[in-house]
Each structure stands twice: as C-alpha cells, then as structure tokens.
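Close look at the chain arrangement
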Amino acid sequence: MDYSIALAFVMIAIGAFIQSAIGFGLAIAAAPLLYFLDPAYVPAPITFVGLLLSLVNAAHYRQNLNLKPLAAAIVGRIPGSLAGGALLLWIDARELALVIGTSVLLAVLISLLPFRLAPTRNRMAVAGFFSGLFGTSSGIGGPPMALLLQHQAANAIRANLAAFFVVSASISLLVQAGSGYIQPNHLVLTLPLLPACLVGYWLAKRYAKNLRQDHMRLFSLALCSITGVVAIAQYFTGG
C-alpha cells in the first residue's frame with residue numbers, strides 16, 4: 001500500500017474516532033494533513049467521508065434527535081454553501097491551504113471560548129451560514145454549530161450535530177459538484193477512506209466511553225492546532 005494512502009487511512013480513522021466521541025472533529029483533525037498529502041483530498045473526498053460518518057452516528061443516536069432547532073441552521077446553510085462554492089472558484093490550491101489552516105485555528109479558538117451562547121433561531125441561522133461557507137470550501141463546517149450546541153447533553157450533541165451534518169454534507173457535495181470540485185479522481189481517493197471512517201467509528205463506540213471527555217477535547221484541540229499551523233505554513237512557504 002502506498003504510504004500516503006496508509007497515512008490518509010490513519011488520519012481519517014483518528015478523525016472519525018474524535019467526531020464519534022465528541023460530536024465533531026473529523027475534518028478539523030484530518031483535512032490539513034490530507035491536503036498536504038494531496039490537495040485533491042479537500043474538500044470533496046473528506047466531505048463524502050463526513051457524510052458517511054454522520055449517517056452512522058445519526059442512526060446510532062436517533063433516539064436523542066431533536067430536529068426542530070436545526071431548521072434555522074439548515075436554512076442558513078444553503079446560502080453559506082453557495083458562498084463556499086463561489087470561494088472555490090475564486091481561490092487556487094495554495095490559497096485553499098490558507099483557508100483550511102485559518103478555519104482550523106478559528107475552530108480551536110471558538111472551542112476555547114468561555115461564554116455560553118444560547119442556540120436561538122437567529123444564531124442557529126448564522127452558524128448554519130458559516131458552517132456552509134467553511135464546510136463547502138474546506139470541509140470544516142462543524143465548529144460554528146458545535147459552539148451553539150456544546151452545552152447540551154453529550155448524546156444530544158452527537159445526535160443533533162450528526163443529523164445536521166447529513167443534510168449539510170449533502171448540500172456541500174451538490175455545490176462542490178456544480179463548482180467542478182468532484183471529478184472521477186476524487187471518487188478514487190474517497191474509496192480507501194470509507195473503511196477508515198468505519199474503523200474510527202467502531203473504535204469510538206468500543207473505547208471512547210472509557211476516556212474522559214475533557215481529556216479527549218484537549219487532545220483534539222492540540223492536534224487541531226498543530227495541523228492548522230502546518231496548513232498555514234504550507235501557504236507561506238509555497239508548499
């Protein structure tokens with residue numbers, strides 16, 4: 001097996017483990033390194049993987065779903081996704097590295113904010129818009145929604161984020177296809193990542209309950225910070 005495919009497999013498995021354990025984090029953890037391996041991994045292949053992972057998590061936590069509060073976020077996600085698709089048409093691959101790195105570090109900053117924001121309808125719509133903007137352009141759309149939902153019960157967070165990501169990833173894939181960012185080579189790159197996603201999901205269901213949630217969160221934020229800095233460094237070094 002080519003080393004880059006093996007490394008991509010490992011990163012997706014880690015990202016899927018994190019997202020299945022805390023509700024989000026697949027793209028934050030994996031996108032920068034995947035981009036380093038091959039820019040074609042972002043955004044389409046990682047969005048396909050995110051859709052699969054969201055489907056299995058939504059099914060697993062379906063008893064904790066409450067779709068009503070997500071309606072405003074989904075409405076906001078549509079224009080955000082269109083804006084993200086337009087961004088893909090305006091920037092080149094090197095500039096996309098900057099978008100990815102900035103999105104990751106912004107996600108870390110948002111996750112560290114000490115205050116609580118109530119998930120009102122207007123805030124959910126705004127979060128949905130920015131989730132669409134960054135999710136479609138870089139594959140990283142979780143943090144705005146996670147910020148608003150982070151104080152719900154753990155299983156409710158996992159269920160509602162997974163349900164939102166099912167809809168939002170589907171929208172992003174449609175927009176990416178319209179922007180020319182889904183080609184046969186993207187599908188070829190996606191195929192080895194799908195079993196990696198399921199491996200990470202299985203490991204999380206088996207072992208994540210034995211890990212402290214705060215330790216998982218700190219590990220995730222540290223990993224995200226490193227990968228975000230790496231992505232930005234690629235932009236400034238021309239890599």
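In this text, all values refer to a predicted model and were calculated from it rather than measured experimentally.

Looking now at empty space enclosed by the protein. On inspection of all chains with the given rule, the structure shows two cavities of 30 Å³ or more. Approximately 250 Å³ is the volume found for the largest cavity. Forming the walls of the largest cavity are 22 residues, and the residues nearest its centre are Ala-27, Gly-50, Gly-139, Gly-141 and Phe-165. For the lining of the largest cavity, the secondary-structure elements that each account for two or more residues are helix 2 (26–37), helix 3 (44–60), helix 7 (142–149) and helix 8 (154–178). In terms of residue count, helix 3 provides more of the lining of the largest cavity than any other element does, five residues in total. Grouping the constituent residues of the lining of the largest cavity by class yields 10 nonpolar, 11 polar and one charged. Lining the second largest cavity are Gln-19, Ser-20, Gly-23, Asn-57, Arg-158, Leu-161 and Ala-162. Secondary structure elements with two or more residues in the lining of the second largest cavity: helix 1 (3–22) and helix 8. It is helix 8 that contributes the most residues to the lining of the second largest cavity, three residues altogether. When the residues that make up the lining of the second largest cavity are grouped by side-chain class, the tally is two nonpolar, four polar and one charged.

This part takes up helix 4 (residues 70–90). Here helix 4 contains 21 residues, and its C-alpha end-to-end distance of 30 Å stays within 8% of the 30 Å for a straight helix at 1.5 Å per residue. The largest bend in helix 4 comes to about 25 degrees, at Ile-78, with the proline Pro-79 one to four residues further on. Tucked inside the fold, the buried residues of helix 4 contact helix 5 (93–112), helix 6 (121–138), helix 7 and helix 8.

A separate point is the nonpolar core. In terms of nonpolar packing, the biggest core is built from 51 residues, with Ile-12, Leu-34, Tyr-41, Ile-100, Met-124, Met-145 and Leu-161 touching the most fellow members. Residues contacting Met-124, with those up to four places away along its chain left out, are Pro-69, Leu-70, Ala-72, Ala-73, Pro-119, Met-145, Leu-148 and Leu-149.

The rules we used
Residues numbered from 1 in each chain as written. Predicted model: local features only at pLDDT ≥ 70, side-chain atom pairs only at ≥ 80, totals over all residues. Heavy atoms only, no water. 1 Å grid on protein atoms, 1.4 Å probe; cavity = no way out; pocket = protein on both sides within 12 Å on 5 of 7 lines; lining within 4 Å. Points joined across faces, edges and corners; volume = space filled by probe spheres on them. Helix = DSSP H or I, 4+ residues; strand = E, 2+ residues; numbered from the N terminus. Nonpolar A, V, L, I, M, F, W, Y, C, P; charged D, E, K, R; others polar. Expected span 1.5 Å × (residues − 1). Bend = angle between axes of the 7 residues up to and from the residue. Contact = heavy atoms within 4.5 Å. Core = buried A, V, L, I, M, F, W, Y, C linked by side-chain atoms within 4.5 Å. Buried < 20%, exposed > 50% of the residue type's maximum accessible area, 1.4 Å probe, protein only.

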